[in-house]
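Okay, here's what each chain looks like letter by letter:
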Amino acid sequence: MKFVAVIRQVPDGESRLRIQGDRVDLSGATLILDQMDEYGVEEALRLKEKHGGEAIVVGFGPERTEEAIRTALAMGMDRGIHVVYEGYADPVTVAEALAPILKEESPTLILTGGQQADWDSQALGGALAEALDVPVVAWTTALELEGETARAKHDLDEGAEWVRVRLPAVFTTQQGLNEPRYPTLPGIMKAKKKEIKKVAFQGASRVEILQESIQEKTRLQKILDGKDPVAAAEELVRLLHEEAKVI
Amino acid sequence: MILVVLDHDGNKLRKASLEALTRARKLAEALGEGVAGVLLAEGQAPVEEARGYVETLYVAELGPYTAEKWAAGILEAAKAGVKAIVAPSSRQSRTYMGRVAYALKAGLLEDTLESWAEGSEVYATRYAYLNRVTQKVKSAPPVVLTVKPNTTPLAEPLGQVGQVVALPIPPVSSVEVLERVQEEKKGVSLTEADVVVTGGRGMGGSEAFKQVEELAALLGGAVGATRAVVDAGWRPYSEQVGQTGKTVQPSLYIALGVSGAVQHLAGMNKSKYIVAVNKDPEAPIFKHADYGIVGDVHQVLPALIQAVKKLKD
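Model, not experiment: these values are computed from the prediction. (Residues numbered from 1 in each chain as written. Chains lettered and ligands numbered in written order. Predicted model: local features only at pLDDT ≥ 70, side-chain atom pairs only at ≥ 80, totals over all residues. Heavy atoms only, no water.)

Caption draft 1: Structural context of the overall build of chain B. Along the backbone of chain B there are eight helices and 15 strands. Taken over the C-alpha atoms alone, chain B extends approximately 60 × 40 × 40 Å along its principal axes. Burial analysis of chain B (313 residues in total) assigns 60% to the buried set. Of all intrachain contacts in chain B linking residues separated by at least 6 positions in sequence, the fraction that spans at least 24 positions is 63%. Surface summary for chain B: the accessible area is close to 11500 Å², and the carbon and sulfur share equals 49%. (Helix = DSSP H or I, 4+ residues; strand = E, 2+ residues; numbered from the N terminus. Buried < 20%, exposed > 50% of the residue type's maximum accessible area, 1.4 Å probe, protein only. Contact = heavy atoms within 4.5 Å. Areas by Shrake-Rupley, 256 points an atom, 1.4 Å probe, with all protein chains shown as cover.)

What follows is the structure in structure tokens.
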């Protein structure tokens, strides 16, 4: 069995973002393995521990993405593949870049994050599934292998459902699926020796980013003292009704 | 042709579909195209209502949702050739539109705030970096575009009845829906709600959410929850607001006993007005609030319910 986690490197949500020349400048930001993708790495490791086989991390992005691939290797993934690409690429283009590699690896299943923390895209799972002509289950919160199929629970906009899906398939991951482990010191040492195969990608993004801006909305900051809860509540309701006019 | 995916609740078109129609018409006008709709049924599809909005309405009885079937249905409707496909943004659409975009090798513009055409290219604005950054993006047709709810005026019916075309659907059977875990629907849906009342860890337990529900109902809004609340099992995942949950942008967002972690802010920081109630004056949520009360949520919330009732009388 072969379990693949597709990952990207993104700025930490707590990082300060700056704009330089109409584009986000990440030079001062802390970059991490996307936390949504971390659930996929953890799930690949758990599936391997339970069913045997191999767990592979595939990363897409610039040279620095290697750090995130090493993090996944330190968590326990067996080997890495890095598709090197500078700049922005839309999910269809990323899927085009990854498809030949995934076809060659022919994994049992593929995991990737439900939403990317930099481009806020939720489409990579769907695009990858189409590229490989396999099913996709999005926003997975439970996953069990049953021979040639998997049983999975996933969220919809309203409610959730259990599905049985033919393998291979793509699953997008999220909170609730598992608790990702931390890399251990021996894990970090071992990760340094693990193979990362580099693959260049020459394609171009169909979608172009023209401008990025940060608009921090100035908040009114009218904070009331709640020692007298009734008076404070009445004043707040008055402000929302008469000043903000939202109730 | 501009194709618009008309999402419905098994009874009538969703408000978000009427927003998608407005966007589709705007693109159609600029690009000199007509508008066709596609109605993918599960349960009773509102065919009569939907055909009042488009010249041609493609209808497919697909049964329970899977991304494969929905993508296949849309691609079937798009066979005549499309410049753009527009759908209301949802978890489902952002998955199946990924498939559709790949199949058409189209530019995918997700969760857009605005969209327009200049010359032959399609432009849009959207949020990125956990809702902190606004991007202006463009792509040449074909374009696949999803419309963030509550961003666009609702379309009016055309005053004429469109032609209905039944779609043949290629058999797709790789995903079998075993069991639908329906959550009790109370009031409006979270992503479309104009008022969201969210409880955080400070609520102390699931019992206290009865009052959160009461306040939300009084304001005609929806209940939200933070990750800590969902992790504790007090509320379902479907109510989670934040990076790993839903993104909301209501006129009024009320955060009760919410500390204001970055991951939570990512899901609500674009709300028009933010109200915070927390006993800790240092809680980060107050930095992002328009109005707030520093106080015990267990005393303030019942007082708020009474004050709103008094206002309504």
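Following the structure, the description resumes.
Caption draft 2: Layout of the nonpolar core. Judged by nonpolar contacts, the single largest core of 59 residues is most densely connected at L3 and I85 of chain B. A per-element tally of this core places helix α3 (residues 91-105) of chain A first, with eight residues. Once residues lying within four places of it in the same chain are set aside, the contact partners of I85 of chain B are L3, V5, I74, A78, M97, V100, L104, V143, V144 and L145 of chain B. (Core = buried A, V, L, I, M, F, W, Y, C linked by side-chain atoms within 4.5 Å.)

Caption draft 3: Spotlight on the interface of chain B and chain A. The interface of chain B with chain A comprises 85 residues on the first partner and 88 residues on the second. Carbon and sulfur atoms make up 54% of the surface buried where chain B meets chain A, a total of about 7800 Å² over both sides. Looking at the side of chain B facing chain A, the largest losses of area belong to Y102, Y129 and Y291 of chain B, adding up to 11% of the total buried there. Here chain B is connected to chain A by eight salt bridges. A salt bridge links R180 of chain B to E161 of chain A, with the shortest nitrogen-to-oxygen separation between them at 2.7 Å. At the surface where chain B touches chain A, the tally comes to 50 residue pairs in polar contact (both at pLDDT 80 or more). The greatest single-element share of the side of chain B that touches chain A, amounting to nine residues, is contributed by helix α4 (residues 91-104) of chain B. Of the residues belonging to the side of chain B that touches chain A, the class tally is 37 nonpolar, 24 polar and 24 charged. Two strands pair when backbone bridges link them, and strand β14 (residues 208-213) of chain A and strand β7 (residues 133-139) of chain B are joined in this way by five bridges, in the antiparallel orientation. (Buried area = accessible area lost by both parts, 1.4 Å probe. Salt bridge = Lys/Arg side-chain N within 4 Å of Asp/Glu carboxyl O. Polar contact = N/O pair within 3.5 Å; in protein donor to acceptor, adjacent residues only side chain to side chain. Nonpolar A, V, L, I, M, F, W, Y, C, P; charged D, E, K, R; others polar. Pairing = 2+ DSSP bridges.)

Caption draft 4: Quick peek at the pairing of strand β7 (residues 79-84) of chain A. All names here are of chain A. In terms of burial, β7 is a largely internal element, six of the six residues being buried. On β7, burial covers both faces: R79, I81 and V83 on one face and G80, H82 and V84 on the other are all buried. Direction of pairing for strand β6 (residues 54-61) relative to β7: parallel, over a ladder of six bridges. Paired with G61 across the two strands is V84, which belongs to β7. Taken together, β6, helix α2 (residues 65-75) and β7 constitute a β-α-β crossover, and its handedness is right-handed. Both β7 and strand β13 (residues 196-200) contribute to a ladder of five bridges, which runs parallel. Within the sheet, the bridge partner assigned to V84 lies in β13 and is A200. (Right-handed = clockwise from strand over helix to strand, strands pointing away.)

Caption draft 5: Summary view of the pattern of salt bridges. Residues and elements named next belong to chain A. All chains considered together, the criterion is met by 43 salt bridges over all chains. The salt bridge partner of R8 is D118, with a shortest N-O separation of 2.6 Å. Of the two residues, R8 is situated in the loop between β1 (2-7) and β2 (9-11) and D118 in the loop between β8 (109-113) and α4 (124-132); the sequence distance between them amounts to 110 residues. For the pair R8 and D118, one class covers both residues: buried. A salt bridge links R181 to E42, with the nearest nitrogen and oxygen atoms 2.9 Å apart. Within this pair, whereas R181 is found in the loop between β12 (170-173) and α5 (185-191), its partner E42 is found in helix α1 (residues 35-51), the two being separated by 139 residues in sequence. Connected via shared salt-bridge partners are K2, E54, R79 and E105.

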